[in-house]
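Structural overview for review
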Amino acid sequence: MRRVALLGATGSIGRQAVEIVEGHPELELVAAASGSQPLDGLAPLTQVGGDLTELLERAQPDVVLNAVVGFAGLPATLWALENGVTLALANKESLVAAGELALAAKERGEGFLLPVDSEHSAVFQCLEGREPEQVDSLVITGSGGPFRGRGREELEDVGPEEALVHPTWNMGPKITVDSATLANKGLELIEAHFLFGLPYERIEVVLQPTSVVHALVRFRDGASLAHLGYPDMRVPISFALTYPERAATPVPSLDLSQGLVLEFEPPDLETFPLLALAREAGERSGTHPCAFNAANEVAVAAFLEGKLPFLGIATTVEETLAEVDGAPARDVDDLLEADAAARRLAERGLPVA
Ligand SMILES: NC(=O)c1ccc[n+]([C@@H]2O[C@H](COP(=O)([O-])OP(=O)(O)OC[C@H]3O[C@@H](n4cnc5c(N)ncnc54)[C@H](OP(=O)(O)O)[C@@H]3O)[C@@H](O)[C@H]2O)c1
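Let me begin by describing the structure that accompanies this report. Along every chain, residues carry numbers that run from 1 in the direction the sequence is written. Owing to the predicted nature of the model, reporting of local features is limited to residues with pLDDT of at least 70; listing and counting of side-chain atom pairs is limited to 80 or more, with chain, interface and lining totals taken over all residues. Hydrogens and water molecules were not included; the side-chain quantities draw on all heavy atoms of the structure.

Let's talk about the packing of helix α11 (residues 288–304) against helix α12 (residues 310–323)
Fitted lines through C-alpha atoms give the axes, limited to the stretch in contact for helices. The angle between two N-to-C directions lies from 0 to 180 degrees. A helix here means a DSSP run of H or I that spans at least four residues, while a strand means a run of E at least two residues long, and both kinds are numbered starting from the N terminus. The contact between α11 and α12 brings their axes to 9 Å, and the two run at 150 degrees. Between α11 and α12, the crossing angle belongs to the class labelled roughly antiparallel. Remark: the crossing between α11 and α12 carries right-handed chirality. Here His-288, Ala-291, Phe-292, Ala-295, Asn-296, Ala-299, Val-300 and Phe-303 of α11 come into contact with α12, specifically with Phe-310, Ile-313, Thr-316, Val-317, Thr-320 and Leu-321. Each residue gets one of three labels, nonpolar for Ala, Val, Leu, Ile, Met, Phe, Trp, Tyr, Cys and Pro, charged for Asp, Glu, Lys and Arg, and polar for the others, Gly among them. Of the residues that constitute the contact of α11 with α12, the class distribution is 10 nonpolar, 4 polar and no charged. Under this scheme an angle from 65 to 115 degrees is roughly perpendicular, one under 35 degrees roughly parallel, and one over 145 degrees roughly antiparallel; angles in between are oblique. Crossings are sorted by hand: turned counterclockwise from the far helix by less than a right angle, the near helix makes the crossing left-handed, and turned clockwise it makes it right-handed. The criterion used for residue contact is that any of the two residues' heavy atoms lie within 4.5 Å.

Some remarks on the nonpolar core
Within the largest apolar cluster, 117 residues are counted, with the highest numbers of intra-cluster contacts made by Leu-7, Phe-196, Ile-237, Leu-241, Phe-292, Phe-310 and Ile-313. With 10 residues, α11 is the single largest residue contributor to this core. Ignoring any residue separated from it by four or fewer positions in sequence, one finds Phe-196 in contact with Pro-115, His-120, Val-123, Phe-124, Leu-127 and Leu-138. Nonpolar cores are built from buried Ala, Val, Leu, Ile, Met, Phe, Trp, Tyr and Cys residues. Side-chain atoms within 4.5 Å join them into one set. Remark: exposure states derive from per-residue accessible area (1.4 Å probe, protein chains only) relative to the maximum for the residue type, with buried under 20%, exposed over 50%, and partly exposed in between.

Topic: the pairing of strand β4 (residues 63–66)
Neither face of β4 is exposed, since Val-63 and Leu-65 on one face and Val-64 and Asn-66 on the opposite face are all buried. Looking at chain direction, strand β1 (residues 2–7) and β4 are connected through 4 bridges and run parallel. Each bridged residue has a counterpart across the sheet, and for Ala-5 the counterpart in β4 is Val-64. DSSP calls a pair of strands paired once it identifies at least 2 bridges connecting them. In the sheet, β4 pairs with strand β5 (residues 86–89) via 4 bridges, with the strands oriented parallel. In the strand pairing of β5, Asn-66 is matched with Leu-89. In this fold, β4 hands off to helix α3 (residues 74–82), which returns the chain to β5; that crossover is right-handed. Note on handedness: a crossover is taken as right-handed if, strands pointing away from the viewer, the path from the first strand over the helix to the second is clockwise.

Observations regarding helix α8 (residues 183–196)
Expected span of a helix: the number of residues minus one, times 1.5 Å. In this model α8 runs 20 Å from its N-terminal to its C-terminal C-alpha over 14 residues, within 8% of the 20 Å that 1.5 Å per residue would give. By the criterion of burial, α8 is predominantly enclosed, with 13 of the 14 residues buried. Positive phi appears at Gly-197, one or two residues downstream of α8, with a value of about 70 degrees.

Let's talk about empty space enclosed by the protein
Here the term cavity refers to a set of points on a 1 Å grid, laid over the protein atoms alone, in which a 1.4 Å probe fits but cannot get out; the term pocket refers to an open set having protein on both sides within 12 Å along at least five of seven lines, with lining residues being those that place an atom within 4 Å of a point. Grid points are joined across faces, edges and corners, and a volume is the space filled by probe spheres set on the points. Scanning the entire structure with this criterion turns up 1 cavity of 30 Å³ or more. One number sums up the size of the largest cavity: a volume of about 60 Å³. Lining the largest cavity are Arg-152, Thr-181, Thr-271, Phe-272, Pro-273, Leu-274, Phe-310, Leu-311, Ile-313 and Ala-314. Counting residues per element, the lining of the largest cavity draws most heavily on α12, which supplies 4 residues. Its residues assigned to classes, the lining of the largest cavity comprises 7 nonpolar, 2 polar and 1 charged.

Some details on the site of the ligand
Distances are taken per atom, and a residue is near a molecule or strand as soon as one of its heavy atoms is within 4 Å of it. Neighbouring residues of the ligand: 25 residues in total, closest Thr-10, Ser-36, Gln-37, Glu-93 and Gly-172. Between an oxygen atom of the ligand and a main-chain N or O atom of Val-68, the distance comes to 3.5 Å. Interatomic distance of 3.4 Å between a backbone N/O atom of Ala-90 and an oxygen atom of the ligand. Contact with the protein chains hides 85% of the accessible area of the ligand, taken as 900 Å² for the molecule alone. Among the cavities detected, the one that contains the ligand is the largest pocket. Elements supplying a minimum of two residues to the shell around the ligand: α1 (12–22), α4 (92–109) and α7 (173–181). Looking at the shell around the ligand residue by residue, the class counts come to 12 nonpolar, 10 polar and 3 charged. Two N or O atoms form a polar contact when they lie within 3.5 Å of each other; inside protein one atom must be a possible hydrogen donor and the other a possible acceptor, and for residues adjacent in sequence the pair counts only when both atoms belong to side chains. We get accessible surface area from the Shrake-Rupley algorithm with a probe of 1.4 Å; when it comes to residues, only the shown protein chains can shield them. Pocket occupancy is defined atom-wise: a molecule lies in a cavity or pocket when more than half of its atoms are within 2 Å of its grid points.

Structure, rendered in structure tokens:
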């Protein structure tokens, strides 16, 4: 039996994780948490809001699936890594914000960190069993979101209802907006850097509009391995929860009988500047990625509330990054201060309602 604690159980990833757990007799849901919605006896231990590490202490799970959205997922990520409890990580924001601290906690805890983000699960699978010196570079793919192909002038008036319609994935509102701005690919770029230890210049982002190719790894001998499948998060969730067994899921494998056309294109960094801003924040290191994430969270929330235009999300992040000092965080207190400082700067730049 593998005892699972599911954080963010009421969300898009959380609900799919419940389905996976229910389908596998060897998985047992021992604890579940949400931010505000009731959990109605979903697990023997439940918690709505508050400090999720208290729930984890009580539950002592074998694996934590962190599917909380945003920086709020940080304490649970650090708790699992520090305690050597397997961490199935959907909450990319915590790794982006706390990269170095999280890796140090992982080294102390000596546990597993298994990515749930589909692209990173794909990279993880393509890299399994290879030596680092064989790897040339990673390619993270993205659909390009609902506004792929549009120019800046066509995005001036788009509102939340248009941004919340994703062409290939059905996800929570924050990540769906991040997909529309390409901030999500930016967060994933930084996430990949910390997960796989490659410098930014060896991680490329490419658009593949149907989301069938989730990632590629290029090797030094000229070969590339790719991970293909229908876009369905139950696959990477199940992979992480049942690792290394790769248990069966209800998701069909690719049907090639009708042919398969795969198209790739470069992202439009002028129309969607958040991807380039994330790369720059990652390369500048320190708490720049933390500030990128914090400003983006503030801006996306303001956009969803109708207080900020779509293009204002990138402007808010850019202006915040221009003002933060980005000094490395020595500890969690430093990191919390960097996050709070970036949020204050981002909020100051929002239009007054
Ligand atoms: N959805 C996807 O397909 C997908 C794919 C890859 C990665 N991810 C990542 O997975 C994470 C979750 O995404 P999602 O799409 O599932 O988001 P979502 O549908 O918005 O769900 C978010 C979950 O987090 C909970 N939550 C929010 N604030 C919390 C807090 N302070 N304490 C405890 N729980 C809190 C919510 O609880 P309430 O319902 O009570 O608010 C909800 O259960 C994000 O980091 C996202 O980037 C998602």
